[in-house]
Amino acid sequence: MTKQEIVDVIKKNIADNLDDIDVKDIDPTKSMKDYGANSLDIIEVVSCSMRDLDIRIPRSELADIGNIDQLADKFLENIGKK
Amino acid sequence: MADSKATNYSLADFHFNDSKDVLAAPADFEAWMAHPDVKQAFAFFFQQFLAAPKANTEILSGVDGKRRRIVNLTSYNYLGLATHPEVLQAVKDAVDQYGLSASGAPLVSGTTDLHVKFARMLAEFKQKEDCLLFSSGYGGNVGAIQGIMRKGDVVIMDEKGHKSLVDGVTLSGARLVTFAHNDMNDLEAKLEAHKGKRRLIVVEGVYSMDGDLVKLPEVAALSEKHGAPIFLDEAHSSLMFGAGGRGVGEHFGIEHKVGISYGTLSKSFGGVGGFICGNAGLLRYMRGYASAWNFSCAPSPAVVGGLIKALEIATRDSSLRDKLWANTKYFKDRLTTMGLNIGHSESQVIPIIVGNSGELLFKMAGEMQLAGLFLQPVDYPAVPAHARRYRISMSSQLTKEDLDMALNIIEDVVAKGLKKSGIDYMSIKP
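Residues numbered from 1 in each chain as written. Chains lettered and ligands numbered in written order. Predicted model: local features only at pLDDT ≥ 70, side-chain atom pairs only at ≥ 80, totals over all residues. Heavy atoms only, no water.

Asks: How should I be thinking about the nonpolar core in this particular structure?
Replies: Nonpolar side chains tend toward joint burial in soluble globular proteins. Residue and element names in this part refer to chain B. The biggest cluster of nonpolar side chains holds 92 residues, and the ones touching the most others in it are Phe 118, Phe 331, Leu 335, Tyr 390, Ile 392, Ile 410 and Val 414. The element that contributes the greatest number of residues to this core is helix α15 (residues 400–421), accounting for 9 residues. When residues of this core are sorted by domain, at least three fall in each of domain 1 (35–72 + 319–427) and domain 2 (84–316). The contacts of Val 414, once residues within four sequence positions are left out, are Leu 340, Ile 352, Met 364, Met 368, Tyr 390 and Ile 409. In this structure, Leu 132, Phe 134, Ile 145 and Val 202 belong to the second largest nonpolar core, which totals 24 residues. (Core = buried A, V, L, I, M, F, W, Y, C linked by side-chain atoms within 4.5 Å. Buried < 20%, exposed > 50% of the residue type's maximum accessible area, 1.4 Å probe, protein only. Helix = DSSP H or I, 4+ residues; strand = E, 2+ residues; numbered from the N terminus. Domains from an automatic or database assignment. Contact = heavy atoms within 4.5 Å.)

This is the structure:
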């Protein structure tokens, strides 16, 4: 799986979980908070994305991630390791 | 579990259940729970109290399975009212007259004259027009928010708001918008961003994991400027803050600027349940729509009988809260002298911040308990992963001997343990 495919999964889940956001408007260098996500929204997006990608990373290891691109990198490291 | 250690996982990681059998727990959750390190951490949960939650009591230890006398720094019995002899007598009297259960929802058959009396007392105490009593503290917040807010509305809440407040918003269908903890610029930005909508600002008097206070005067100014009323959760401040014990609203001298005042009855009050106080029209409306009130059995009349006495005791003079604050000051001064990180606590809730090591957190908690101190660890996700901690609930019941014993154990185990660990714990933000 490529990083772009992972970014696309995250974008789709952001669009599914937040109001008034279109996939094409999401910039991976930004944080989900920039799109109005609260902590519950972020948990939902991360959980749905991990489920779609069949990975499981402890939430405690994601605390320092600052934007969507960094989240995709972390996901990429864990593909196939569940 | 890929490359991560079992203790890096938490209950935050198993929300989704992919088992085909909906009546089965997730397979990896079962494997996680069976891991020896996780079992050791969970040994701290569900430990049995073998006597009342007093300052000195006895538990069946989860650490070694033995009965043990302990000094208790964890229970919420802040003012000792859960075990006050006058309160217990009032409970006995109420049981004799009314029995154990209200045996019905408040609208139908669950309202006794005790419920009416206590609700009136609380409304008067909080200087509001009316009061609703809930059977649980969690239910009080869920019911209140769900009863007030609707789809299309916006709840603007401090990011450290309690789970019950968050769940209330989810159930209401309103949009949840959080602002950075006690950050007034962020609160104003969020108020601006949702201009034109029905907005409610939700804050807590004392934040339960940090012990710091809401910046209520600043919140009140923004509330007025933007026309968004305040819902103030005084779970950890009622009966303790303010000259009359009415809470943080009174402490800041602006309780009239609080739209809805919420409180729990299980902490300083020493019983169980929750309540909200507010204007009579809104509460009359909420009696039809706050489901946690409308569709729950009314609080046990025996408990309400005890709570009436608890409120009388806590308001007839300031002796209990004076003792609580004297104990709090003594304890904090000593913890600070030991060089421990107690965050920005301004209350009887005192964190000792340990850092990101779950292993160290649970190891030292076990050592403290074996030495006779019951001080429970607070792990992620209840607090940030970088700031795992112990959370002291100070009580007016603790004697100087109890406090000194607890402090000696904390010094021997935590202060020395942290210094030895090499962790830069003083720079950790709560």
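Asks: Any chance you could explain the sheet that holds strand β13 (residues 377–378) of chain B here in plain terms?
Replies: Residues and elements named next belong to chain B. The antiparallel open sheet is built from 3 strands, whose spatial order is β11-β14-β13. At either end of the open sheet lies a strand with only one pairing partner, and these are β11 (349–355) and β13. The sheet strands contacting helix α14 (residues 358–370) are β11, β13 and β14 (388–393), and the helix crosses β14 at an angle near 35 degrees. Where α15 meets the sheet, it contacts β11 and β14, and its direction lies at approximately 40 degrees from that of β11. (Pairing = 2+ DSSP bridges. Axes fitted to C-alpha atoms, helices over the stretch in contact; angles between N-to-C directions.)

Asks: What should I look at first to understand the interface of chain A and chain B in this one?
Replies: Quite often, the size of an interface is put as the accessible area lost when its parts meet. Each partner contributes to the interface: chain A provides 21 residues, whereas chain B provides 20 residues. Counting the surface lost from both chain A and chain B, the interface buries some 1900 Å², and carbon and sulfur atoms represent 44% of this. Three residues, A:Arg51, A:Arg56 and A:Arg59, lead the burial of chain A against chain B; their summed loss comes to 34% of the area buried on that side. Where chain A touches chain B, the interface holds 3 salt bridges. Residue B:Asp13 pairs with A:Arg59 through a salt bridge whose shortest N-O separation is 3.8 Å. At the junction of chain A and chain B, the tally comes to 10 residue pairs in polar contact (both at pLDDT 80 or more). Sorting elements by how many residues they give to the side of chain A that touches chain B places helix α2 (residues 39–53) of chain A first, with 7 residues. Its residues assigned to classes, the side of chain A that touches chain B shows 6 nonpolar, 6 polar and 9 charged. (Buried area = accessible area lost by both parts, 1.4 Å probe. Salt bridge = Lys/Arg side-chain N within 4 Å of Asp/Glu carboxyl O. Polar contact = N/O pair within 3.5 Å; in protein donor to acceptor, adjacent residues only side chain to side chain. Nonpolar A, V, L, I, M, F, W, Y, C, P; charged D, E, K, R; others polar.)

Asks: When you look at the packing of aromatic side chains in this model, what are you seeing that I'm missing?
Replies: Aromatic ring pairs are described here by two measures, namely the spacing of the ring centres and the angle between the planes. Residue and element names in this part refer to chain B. Counted by the stated rule, this structure contains 13 aromatic pairs over all chains. On the basis of an interplanar angle of 40 degrees and a centroid distance of 6.2 Å, the ring pair of Tyr 9 and Phe 14 is categorised as tilted. As far as the burial class goes, Tyr 9 and Phe 14 line up, both buried. By way of ring pairs, the aromatic residues Tyr 9, Phe 14, Phe 29, Trp 32, Phe 42 and Phe 45 are connected into one cluster. For the cation-ring pair, Lys 267 lies above Tyr 76, with the distance from its terminal atom to the ring centre recorded as 4.8 Å. (Phe/Tyr/Trp six-rings, centres within 6.5 Å; stacked < 30°, edge-to-face > 60°. Lys NZ or Arg CZ within 6 Å of the ring centre and 35° of its normal.)

Asks: What is the right way to read helix α8 (residues 216–226) of chain B from this model?
Replies: Two residues of an α-helix separated by three or four positions point the same way, owing to the 3.6 residues in each turn. Residue and element names in this part refer to chain B. For α8, the set of buried residues is Leu 216, Val 219, Ala 220, Leu 222, Ser 223 and His 226. Along the long axis of α8, the arc covered by the buried residues comes to 165 degrees, so they all point the same way. More than 90 degrees from the buried face of α8, the exposed residues found are Glu 224 and Lys 225. Summarising the contacts, the buried residues of α8 are in contact with α7 (184–193), β7 (199–204), β8 (230–233) and α9 (248–251). Positioned one or two residues after α8, Gly 227 has a phi angle of 65 degrees, which is positive. (Arc of directions from axis to C-beta.)

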